[in-house]
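A closer look at the structure
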Amino acid sequence: MPEVRSTCPYCGVGCGVIIEARGGEIVGVRGDPQHPANRGLLCTKGSTLHLTARPLVAQQVRALAPELRTARGARRQPIDWDTALDHVAERIATCVQKHGPDAIGLYVSGQLLTEDYYVFNKLAKGLLGTNNIDTNSRLCMSSAATAYKQTLGADIVPTCYEDIDCADLFFFAGSNAAYAHPVLFRRVEEARRRNPAAKTIVVDPRRTVTVSGADLHLQIVPGTDVALFHGLLHLLLWEGWVDRRFIEAHTEGFAELKALVREFTPALVTQLCGIRTEDLVLAAQWWGQARAVLSLYCQGLNQSTSGTAKNAALINLHLATGQIGRPGAGPFSLTGQPNAMGGREVGAMANLLSAHRDLANAEHRAEVARLWGVERVPEAPGKTAVEMFEAARRGEIKILWIACTNPAQSMPNQRLVREALAAAELVIVQDAYRTTATAALADVLLPAASWGEKDGTVTNSERRISRVRRAVEPPGQAREDWRIVVDIARRLQRRLRPGRPSLFPYASAEEIWLEHRDTTRGRDLDITGLSWEMLERDGPQQWPFPDGASSGRSRPFEDHVFATVSGKARFVAVPYRPPAEPIDARFPLRLATGRLRDQWHGGSRTGTLGRLFGHAPEPCIELHPAELARRQLRPGDLVHVTSRRGSLVLPAAASDAVRMGEAFIAMHWGAEFVAGCGDERPTFGVNALTIDALDPDSRQPELKHAAVRVQKAELPWRYVVFGQVPASRQLELQLALRAHFGAFGYACCVPFGHDDARAGLVFRGAAAAPVQVCVLQAIEQVFGLEDAAALDDARRGLRSRLRAEGGHVVAIALAGPVEALAAEVWLRELLGRPLPLPAHRLLRPGAQPPAPTVPRGRIVCNCFDVAEAEIRRVLATANGNALAHLQAELKCGTNCGACLPELRRMLPA
Ligand code: SF4
C-alpha cells in the first residue's frame, strides 16, 4: 500500500503522520516515528484524520465545484472554474479601479500552507496594492509574536521541544495543553516521569485536566496574569533570586520594570488574583531555585486586551532570572494552528512583510518591492482581522475574500461579522468545506484541496519546517489553494498591470517556496541553506538555517545576543490593566471560551465524526455547582446566556473546574451545531457572546473574557430524536436537520457513536410550547420514524416514536414536558440492541428500564471506546497499580494517550 509522509493539519505541535492510501483513497494514518515533533505519537484528532478524509465524508460536506450566486437571496449555482476565476478577477479589478485597492480585504488562515500564504500576501501587497490582508492567526498568536519582538527584538521562539526533556520547572500559563497540545503534553508527562523532582505550576482560572498532575495550581481571577507575573518578579527581587549578572550583561530597561513591580506586593497581588499568599510565595521560590524553567503558554495569555503585556511580563521573569538561551529554559509560546508560524514567516498579516519584515519600516518595504519586482509596497497599515470586518460593515471594504477559515463561527461579536458579510458587495469563500457558517453566506464558493491532497510546507511551534505531501487527488474539482490564488492573480495582472512580466510565474508549490526562501536571506529566519531535497532526505528542519549551515538552530539566543539593535533583550514595564469588559450587576459572570479535547476549531473536519463527540457530546455552559444552586438552577436546565452583544440558550452543566462567578463554553459550538433563539433571532453560536475589544499592540481580540448573565430559560416543552442513520448520508441529514433549528427556542444537532459504518445522530430541541407537528414529522422522517411504533397523548403534550429493524432498536423520538424525557437516559442504551419489550411498553409514560441500566456516560478513551462507567466499574476492583489494571482490562490509555491525564484524575487518591 502506498505510504506518504506528511504533517497533521490540526495544532501547532506539528506531528508527522504517515498516510496510507489505496485506490486513490486515504485509508489509514499513523504517527511518523521519525518525525522529531511526535516520534510516532498522535492524539485522538490526529489518529482519526483518515476517517474524516473518506469519500463518503467528502461527498456530503466538501465543496466539489465552484459556485456563484448571481443575486442576493438566490441560490448559488455550480459553474466551471474559468467562469468563476474570470468573475472573481473582473469584480476585484473593477472594484480596485473604482474604489482603490483598500476596498478589498483578504482574510486567510493559519491552516494554509506557507506557499498558499506567500502568494496571497504577494497578491494583496504586490499586485493589488493593499495591506488589507490578515489571518485568523490574529486571533491566535499575534500577542505572542508582538511580545517576542518587544522583548527579544524579533518574532523568534527561543526554545524547542528538546527543552522539555531538560527542564526542572514547567510553568504552564493560560494553556490547557492536555487538550490543546496533547502530544507535547505527553512529552512533559514523560519528562516528569524520568525526573520526579521536576515540578509543574499551572496558571489558569479553570481547574483543567492540565492541572490534574500539577504540583501547584494558581487559579487566578481571569485576566490578572500581568499582576501575577509582576508579583512573582517582586518576590524574586526581594528574595535575591534574580540573576543580576545576566540582567547587567544582556538586558536593558530593568530599572523601570523594577520600579513598576515594587508596588506589586504579595498583599496586592493575592487580592487582585484571588490566590493564597503561600501559593504565590511557593511559585516564586520554585522559579527562583529551579535550574531550568520552561514556561509553556497559549491562548489564555494571547486572547486578551492585555495579551502582549501578559506575554511580555512572563518573558520579563525569564530575563530577570537568566532562564533563557540554555537547555530547558525559556519562554515557549505554543502555536494554536498548524501553520500560524508560516504566516508570520511570509508576512501575511496586515502589519508585516515577507521574512519578518515590518510594514512600518520604509527600508523593509523597499526591499520587498525589489524582491517582488514591483514599484512599491503600500505604506498604510492594513486592517487587522476585527478591523477588516468593521470596515466591511461601514462599507469601506467592498469585497471580502476569505480562505480556509470560518469567521462566521470563530470571530468574536458575531453580530459585527454577520453585518459585515451582509454589507459587502461580494463575499468570496475559498474553502474545502461547503458546510461552514461562512460558506453559507458566500457569493462565490471556490473549492479548495485539503489535508492529504496538497503539497507544501508548514512550520510548527518550535520553528520546525515540515513537508506536507499529497497522498490522493482532491475530490471533485477542488484545487490547491496556491493554484486558485495564482490563477486569479494572473487574470488580475492582465487587467491591472498589463504587459508586465508575470509576478506569479509558478508551476509548483516548490517554486513558490524557493522564492520565499530567497526573501529570508540575511534575516533572522534565514532558510537559504534549506531545500525541499534536503527536507526530503533529512526530514523536518528548524530555522534559522542559513546558507552553509549543516543544521538549523534548535535554540536561538544561546549566545545571549538578542535581535535588538544593542543585542540586549528589553524588559517591558507595562502596568496591570483589567479586562476590557468589567462585570457588573447586569452582567455578573466572567465568561471564558476554550477547547475540547477531541474537537478542532469550528469542527468543519472533526465535526464530521461521531466518535469525536463521545468525550463532550453536546454543548453546554459550565458553571460551578454553588453558582447553579445560588441561581436555583439544576444541571441540565436550559439557560439564556446573554452578553452586551448577543444571547444564546444552552444547557447548564455543573463543573468545579470553574469558580463561582465564572463560566466556560467550548469555542467549537457555532451555529453549525447549536441554535438558541433567546432574546433575539437568530443567534450565532458561542461567539454571539464574545467581545471584539482588541489588544492595543497586537490587535488580538479578547476571546477569554466577556461579562455575561445567566437566567433560566422558560422552555418547558422538550424534544429529542436519536438514532442510527446510514453513514453515507449522516452529514447530509445533519445539514437538513439544521434547517429546523429556527422552530425551537433551543436546538442542537450532533453526530455520535463509535461505529463508523452505522452513524448516530441526535437532534434536541426545546420550546415554550409544543412545536408544530409538521416540523416534528419532518425531523422524524430523517430517522425513518414516520411509520414507527407511536404513542401520543395530545392532552398532556406527549409524543413518542420507536423504530426497530430486524428486531433491533434503530431510532427513538420523545417529546413532552421535561419529565417525559427522563427515559432518554436508558432508552439510549438500547440503541442497536435487540428490542427487549414491545415498543409500546417501552414508550409508555413512566416506563422503567427492562433491566438495570448503568448509563455509559461520556467516552474517556476514544481509541477503544471506553466510557466513564466502565472505568469506574474496573477501578472498583483494582488493587495496586490502578492505571496498569485499567489499561490491562480495558486498553484505555494504551494507544494515543490523550485520555491519560483524565484517567489519572479518576484514579483513587
Ligand atoms: Fe495533530 Fe494531535 Fe499532534 Fe496536534 S497533538 S499535531 S492535533 S496529532
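Turning our eyes to something else, we now look at the pattern of salt bridges. Counting across every chain of the model gives 68 salt bridges. In this structure, R856 engages D865 in a salt bridge whose closest nitrogen and oxygen atoms are separated by 3.6 Å. The salt bridge partner of E868 is R858, with a shortest N-O separation of 3.5 Å. Taken as a pair, E868 in helix α31 (residues 868–875) and R858 in the loop between α30 (839–843) and β36 (859–861) lie far apart in primary sequence, 10 residues in all. Judged by relative accessible area, which is 22%, E868 ranks as partly exposed. Each of D165, R187, E190, R193 and R194 takes part in salt bridges that share partners, so that together they form one network.

Moving on: the packing of helix α5 (residues 114–128) against helix α23 (residues 481–496). For the pair α5 and α23, the least separation of the axes is 9 Å and the interaxial angle reads 15°. As summarised for this structure, α5 and α23 are arranged roughly parallel, according to the angle between their axes. Where α5 crosses over α23, the two elements pack in a sense that is left-handed. Across the interface between the two elements, E115, D116, V119, F120, L123, L127 and L128 from α5 touch D481, W482, V485, V486, A489, L492, Q493 and L496 from α23. Considered class by class, the residues forming the contact of α5 with α23 number 11 nonpolar, one polar and three charged.

Moving on, we come to the site of the ligand. What surrounds the ligand is the set C8, Y10, C11, G14, C15, L42, C43, K45, G46, P182 and V183. At the level of secondary structure, the elements contributing two or more residues to the shell around the ligand comprise α1 (44–47) and α8 (182–194). Among the residues making up the shell around the ligand, the classes are represented as eight nonpolar, two polar and one charged.

As a further point, take the layout of surface pockets. Here the second largest pocket defines a volume of roughly 840 Å³. Forming the walls of the second largest pocket are 25 residues, and the residues nearest its centre are T436, A440, L441, L735 and R738. Within the residue set of the lining of the second largest pocket, elements represented by two or more residues are β5 (77–78), α22 (437–440), β28 (674–676) and α27 (730–738). Here the lining of the second largest pocket is composed, by residue class, of 13 nonpolar, five polar and seven charged.

With a probe scaled to a water molecule rolled over the atoms, the places where space remains empty come into view. One pass over the full model with this rule turns up six cavities of 30 Å³ or more. A volume near 170 Å³ is recorded for the second largest cavity. Ranked by residue count, the leading element in the lining of the second largest cavity is α27, at four residues.

In terms of nonpolar packing, the biggest core is built from 165 residues, with I92, L123, F170, F171, L228 and F229 touching the most fellow members. Composition of this core by domain shows at least three residues from each of domain 1 (93–139 + 339–457 + 467–521) and domain 2 (142–333). Residue contacts for L123: discarding those within four places in its chain leaves L106, L128, W401, V485, A489, L492 and F504. Of all hydrophobic cores here, the second largest spans 52 residues; its members include V686, I812, A823 and L830.

Ordered by their spatial adjacency, three strands build an open sheet running β19-β20-β21, and the pairing between neighbours is antiparallel. The open sheet has two edge strands with one neighbour each: β19 (456–459) and β21 (541–542). Note: β19 against strand β20 (residues 464–468), four bridges, orientation antiparallel. Residue V458 lies in a different strand from β20, and its bridge partner there is S466.

Strand order in this open sheet of seven strands is β28-β31-β32-β30-β35-β34-β33, and the pairing throughout is antiparallel. Each edge of the sheet is formed by a strand with only one pairing partner; in this case those strands are β28 and β33 (789–793). Looking at each pair of strands side by side, their axes are set apart by 10° on average, direction ignored. In this sheet, strand β35 (residues 808–817) lies alongside strand β30 (residues 717–726) in antiparallel orientation, the contact comprising seven bridges. Note that in β35 the partner of V720 across the bridge is L814. In this fold α27 packs onto β30, β31 (746–752) and β32 (758–767), with an angle of close to 10° to the strand it touches most, β32. Each of β30, β32, β34 (798–805) and β35 touches helix α28 (residues 773–782); the most contacted strand, β30, lies at about 25° to it.

Attention now moves to the packing of aromatic side chains. In this structure the tally under the stated criterion is 20 aromatic pairs. Clustering of aromatic rings is evident, with ring pairs tying together W717, Y719, F741, F744 and F763. Between K199 and the ring centre of W286, over which it is positioned, the NZ or CZ distance is 5.2 Å.

Turning next to the packing of helix α6 (residues 142–152) against helix α16 (residues 307–320). Helices that pack against each other are described as a pair by the angle of their axes relative to one another and the distance between those axes. α16 packs onto α6 with a crossing angle of 45° between their chain directions and a minimal axis gap of 8 Å. If you check the angle between α6 and α16, you find them oblique. Here α6 and α16 pass one another in a crossing that is right-handed. Across the interface between the two elements, S143, A144, T146, A147, Y148, Q150, T151 and L152 of α6 pack against G307, T308, N311, A312, I315 and L319 of α16. Split by residue class, the contact of α6 with α16 holds seven nonpolar, seven polar and no charged.

A few words on the pairing of strand β16 (residues 399–403). A large share of β16 lies buried, amounting to five of its five residues. Burial along β16 is two-sided: the face carrying I399, W401 and A403 and the face carrying L400 and I402 are both buried.

Each value, and the rule that gives it
- Residues numbered from 1 in each chain as written.
- Predicted model: local features only at pLDDT ≥ 70, side-chain atom pairs only at ≥ 80, totals over all residues.
- Heavy atoms only, no water.
- Salt bridge = Lys/Arg side-chain N within 4 Å of Asp/Glu carboxyl O.
- Helix = DSSP H or I, 4+ residues; strand = E, 2+ residues; numbered from the N terminus.
- Buried < 20%, exposed > 50% of the residue type's maximum accessible area, 1.4 Å probe, protein only.
- Axes fitted to C-alpha atoms, helices over the stretch in contact; angles between N-to-C directions.
- Parallel < 35°, antiparallel > 145°, perpendicular 65-115°, else oblique.
- Left-handed = near helix turned anticlockwise from the far one by under 90°.
- Contact = heavy atoms within 4.5 Å.
- Nonpolar A, V, L, I, M, F, W, Y, C, P; charged D, E, K, R; others polar.
- Near = heavy atom within 4 Å.
- 1 Å grid on protein atoms, 1.4 Å probe; cavity = no way out; pocket = protein on both sides within 12 Å on 5 of 7 lines; lining within 4 Å.
- Points joined across faces, edges and corners; volume = space filled by probe spheres on them.
- Core = buried A, V, L, I, M, F, W, Y, C linked by side-chain atoms within 4.5 Å.
- Domains from an automatic or database assignment.
- Pairing = 2+ DSSP bridges.
- Phe/Tyr/Trp six-rings, centres within 6.5 Å; stacked < 30°, edge-to-face > 60°.
- Lys NZ or Arg CZ within 6 Å of the ring centre and 35° of its normal.

Note that every value here comes from positions in space, so none of it alone points to a role or purpose.
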